[in-house]
Amino acid sequence: MTEPRRDDAGEGEETSDDEESRERRAPADAFAALSDPLRVSILRELSVHHRTSDEAAIGFADLRRRVGVRDSGRFRYHLNELRDGFVEKGDGGYRLTHAGVQVVAAILAGTYTAAVSMGPTELESDCPVCGRPAVATCEDGRCRVTCENDHALFQWSVPPNATADATLPAVVDLAELLAFQAIEQSLAGVCPQCYDPIETEIVVDGAPHPIFRAVCDTCGAQIVGPASFCLLVDPDVTAFCRRHGLTLREDHVWELPFVRDDEAVTVVDEEPLRLAFDIPLEGESMSVTVDARGHVTAVETAGDE
């Protein structure tokens, strides 16, 4: 039998301690594991090693020295509290799990950036409802676009660090990009926040116009917007709009005619639910059929006679 490798006098690598019988942490336990500043420091140092070293893992003693804790017993206790959920032990020492990488990214995104309040700032765009200039603000990580008549045009969350050195128009562009990505992921059945399965639906009852909605049962992430959101990531709709001078990634979401025009969508069938969108652009029209989950099922184009 080999002895545990000694990195310091009187200090050895931790041996396996009932690892096979450990169960997956409950969400409350996962949050509790992050409650101590020392554990956050451990995660941060593991992240630094992850980014800067060719070695996948780091040894116990080296990690302890980097964190700056003299008491190896105290350090081992807090390191163990991060095991399974955020840290794993493999060949050569310790490394972050996928969840650990995500948690560190979230912590760093908010730690080094003070709360930023931006705007109001007029954008080079007009409200499609009243024709007044679109106005953007960003507070508490939420980018919002309205006009002086308070018509709600767009809103989406952005990470705090993204606003640190950016102009407000750039923050709006980022928010729209994040919205596109989240809509595309949710329609593919993947939660854009936690990557667990997510279900999408079109809601017509009790709403003034059809609504696209996705709610994750795992993390609670929600995507709510007009049903036309489903068209924003469809390749046929994208190609049709580009052919007529509209680029879904360069023009603002609220400028697209099918997003704000409630008359562009019709409920074709109620059981099962089917919607039809009519998109007329410069002498050509596209008819798009969407099912109850928000998936595009049929596309037809025709020239105006």
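Structure shown above.
A. Looking closely at the overall build of the protein. Counting its secondary structure elements, the protein contains 8 helices and 15 strands. Going through the 305 residues of the protein one by one, you find that 38% of them count as buried. Restricting to contacts in the protein with at least 6 residues of sequence separation, those with at least 24 account for 45%.

B. Highlighting the nonpolar core. If you look at the biggest cluster of nonpolar residues, it comprises 55 residues, and the most contacted ones within it are Val-145, Leu-232, Phe-258 and Ile-279. Considering each element in turn, this core owes the most residues, 9 residues, to helix α6 (residues 168-187). Other than its neighbours up to four places away in sequence, Val-145 contacts Leu-123, Ala-134, Val-135, Ala-136, His-151, Ala-152, Leu-153, Phe-154, Val-172 and Trp-254. Core analysis: the second largest hydrophobic core is formed by 19 residues, Leu-63, Leu-79, Leu-82 and Val-103 among them.

C. Structural context of the environment of Arg-51. As for its placement among the helices and strands, Arg-51 is situated in helix α2 (residues 37-52). A relative accessible area of 53% places Arg-51 in the exposed class. Separated by 2.8 Å, the side chains of Arg-51 and Ser-47 make a polar contact.

D. Unusual backbone geometry, seen in detail. A cis geometry characterises the amide bond from Gly-119 onward to Pro-120, with omega recorded as 10°. As for its placement among the helices and strands, Pro-120 is situated in strand β5 (residues 117-126). Pro-272 follows Glu-271 through a cis peptide bond whose omega is -10°. Look at Tyr-195: it is not a glycine, yet its phi comes out positive at around 70°. Here Tyr-195 lies in the loop between α6 and β9 (199-203).

E. A look at the pairing of strand β6 (residues 133-139). Bridge analysis of β5 against β6 gives 5 bridges, and the strand direction is antiparallel. Within β6, the residue paired with Glu-122 across the bridge is Val-135. Bridge count between β6 and strand β7 (residues 142-147): 6 bridges; the pairing is antiparallel. Across the sheet, Cys-138 pairs through a bridge with Cys-143, a residue of β7.

Calculation criteria
- Residues numbered from 1 in each chain as written.
- Predicted model: local features only at pLDDT ≥ 70, side-chain atom pairs only at ≥ 80, totals over all residues.
- Heavy atoms only, no water.
- Helix = DSSP H or I, 4+ residues; strand = E, 2+ residues; numbered from the N terminus.
- Buried < 20%, exposed > 50% of the residue type's maximum accessible area, 1.4 Å probe, protein only.
- Contact = heavy atoms within 4.5 Å.
- Core = buried A, V, L, I, M, F, W, Y, C linked by side-chain atoms within 4.5 Å.
- Polar contact = N/O pair within 3.5 Å; in protein donor to acceptor, adjacent residues only side chain to side chain.
- Pairing = 2+ DSSP bridges.

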